[in-house]
Amino acid sequence: MSTGTAILPLATEKRAASLIYAASFSFMISLGSMQVLVPLYGLHLGYDIKALGLILSAQAVLPIFTRFFGGAIADRFGARYVLWFSFGAMVAAGTVLSLSGVFWALIAAQTLQGMSRSTYWTVTQSYATRLNPDLAATRLGGLSSSGNAGSIIGTALSGFLAFGPGYGVAFGMVAAFALVGLLGSVALPNLPRPSTKRGFRAALEPIPSVASSRSMGMAGISAFIGSTSTMLGIILIIPLMKDAAFNESEIGIARTITAVGSLTAGLLFGKLMGRLGLMRLHSVAFGLQGLTFLIVPLTATHLASGLPIMYIYGLFAGVMGSLYPMSAATCSRPEHRGTAMAYAGQFWGLAQLVIPAAFGFIAAAVGLDASLYMSGVMFVGLAFVIPAVYPFMTKGGVK
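Residues numbered from 1 in each chain as written. Predicted model: local features only at pLDDT ≥ 70, side-chain atom pairs only at ≥ 80, totals over all residues. Heavy atoms only, no water.

**Points about the overall build of the protein**
Along its length, the protein carries 14 helices and zero strands. In the protein, the order of α-helices and β-strands from amino to carboxyl end is α-α-α-α-α-α-α-α-α-α-α-α-α-α. Buried positions account for 59% of the 399 residues belonging to the protein. Taking the contacts inside the protein whose residues are at least 6 apart along the sequence as the reference set, 87% of them involve residues at least 24 apart. Total accessible area on the protein stands at roughly 14,200 Å², and carbon and sulfur atoms take up 71% of it. (Helix = DSSP H or I, 4+ residues; strand = E, 2+ residues; numbered from the N terminus. Buried < 20%, exposed > 50% of the residue type's maximum accessible area, 1.4 Å probe, protein only. Contact = heavy atoms within 4.5 Å. Areas by Shrake-Rupley, 256 points an atom, 1.4 Å probe, with all protein chains shown as cover.)

So, in structure tokens, the structure goes:
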């Protein structure tokens, strides 16, 4: 594991941590809202599950290019500039969706949202782990918890707004909170740059070294599986609840409980890491999430029976959301941290591209219940594979 000492005075470090947590809180209000509103809006407009899968996948196309550049630029020039772009793209996405519901407008807005979230996660995770390498797990847990607190508010508000004033107002809220985050990120302290070398070419120099590291491949695997868990909740569970006659506000409540579970995961992540270690925590999270997917079709038919399982789903999704940046931080040098987060995040984005489209067609062919059972078996199988894969992938250590 990369170790080191704090790189800022204690008071500045605490202020920086508070500000990055606040940025996470604001951003996740917008993102949490989008994760509920976009699939519901697509279904409201009459798009089928296959079209919905394509709409959701659109968020992962351009981030294939922006994620690496965002991480490398943050390493070289500072996180604030990339965060400004990230929040600005989310403002634009919410604005587009508040004004139009045609297919290509949804595609454009999802593309903007994907660019926003890809650069946001890369920069904030890198920033949080660099503040004090000895507190990396704690900072990631705090970042996750503050973000999930924002997601709780966003998912609750979005459901009620969509059910009441309508989708235009709900997407306007997305844009408004992103604008607040944009203004707040101006005060974020810049961290010391590890090198005096400047220029775009210099910013991209660490990419081959990071990408050739076998241990970073484990971070990529972790990211892909964690993202798969998140996307299955959007492409399968939300339509399942819609088919069970949940209205928008009830789905918003269910997703809010999911966010509460993820918030709990963030609060517990540092302790879980200390008790289980990375390898065993991967296996436990994957296996228990697999069992959760197997149970969802049996319980998510009524609000009362669905809420407990949605909490459990959010709990393990939250653990997996923190596993991959922790793996990337463990397997990278501090001066390459943004690039490492971007590399692992590419696999998160790849799952966002592949999983909604693939499972949209699978669900259309075999049904939502069968698709969730397939997902459960897949995750349980991964839990048994990790004890063999993890030591092989991490044998080389930090490169």
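After presenting the structure, the write-up continues.
**Overview of the packing of helix 5 (residues 103–131) against helix 12 (residues 303–330)**
Two elements in contact, helix 5 and helix 12, have axes whose closest approach is 11 Å; the angle formed by their N-to-C orientations is 60°. The orientation of helix 5 with respect to helix 12, classified from their angle, is oblique. Crossing handedness for the pair helix 5 and helix 12: right-handed. Here W121, Q125 and T129 of helix 5 lie close against helix 12, whose contacting residues are G321, Y324, P325 and A329. (Axes fitted to C-alpha atoms, helices over the stretch in contact; angles between N-to-C directions. Parallel < 35°, antiparallel > 145°, perpendicular 65-115°, else oblique. Left-handed = near helix turned anticlockwise from the far one by under 90°.)

**Topic: the environment of S100**
By secondary structure assignment, the location of S100 is in the loop between helix 4 (79–99) and helix 5. Take S100: its relative accessible area is 22%, and that puts it in the partly exposed class. It is 8.5 Å that separates the C-alpha atoms of S100 and G168, two residues lying 68 residues apart in sequence. If we skip the residues at most four places from it in the chain, S100 touches Y41, A105 and L106. For S100, the side chain forms a polar contact with the main-chain nitrogen of V102, separated by 3.4 Å. (Polar contact = N/O pair within 3.5 Å; in protein donor to acceptor, adjacent residues only side chain to side chain.)

**Remarks on the environment of A17**
Note that A17 resides in helix 1 (residues 10–44). Judged by relative accessible area, which is 2%, A17 ranks as buried. Once the C-alpha coordinates of A17 and P189 are considered, the two residues, 172 residues apart in sequence, prove to be 9.7 Å apart.

**Regarding helix 2 (residues 49–57)**
Judged by how many residues are buried, helix 2 sits mostly within the fold: seven of nine residues are covered. All buried positions along helix 2 are accounted for by I49, A51, L52, G53, I55, L56 and S57. The opening residue of helix 2, the one whose side-chain oxygen lies 3.2 Å from the backbone nitrogen of K50, is D48.

**Section: the pattern of salt bridges**
Here the structure, examined in full by the defined rule, presents one salt bridge. In this structure, the salt-bridge partner of E248 is K242, at a minimum N-O distance of 3.6 Å. (Salt bridge = Lys/Arg side-chain N within 4 Å of Asp/Glu carboxyl O.)

**A look at the side chain of H282**
Tracing the sequence through the fold places H282 in helix 11 (residues 248–299). Exposure remark for H282: the relative accessible area of 0% places this residue in the buried category.

**Thoughts on the environment of H282**
The spatial distance from the C-alpha of H282 to the C-alpha of Y390 is 9.1 Å, given a sequence separation of 108 residues. Once residues lying within four places of it in the same chain are set aside, the contact partners of H282 are M218, S222, L323, S327, I386 and Y390.

**Things to note about unusual backbone geometry**
With a phi angle near 75°, A245 is a residue other than glycine that sits in the positive phi range. For A245, the position within the fold is in the loop between helix 10 (214–243) and helix 11. The exposure class of A245 is exposed, given its relative accessible area of 64%.

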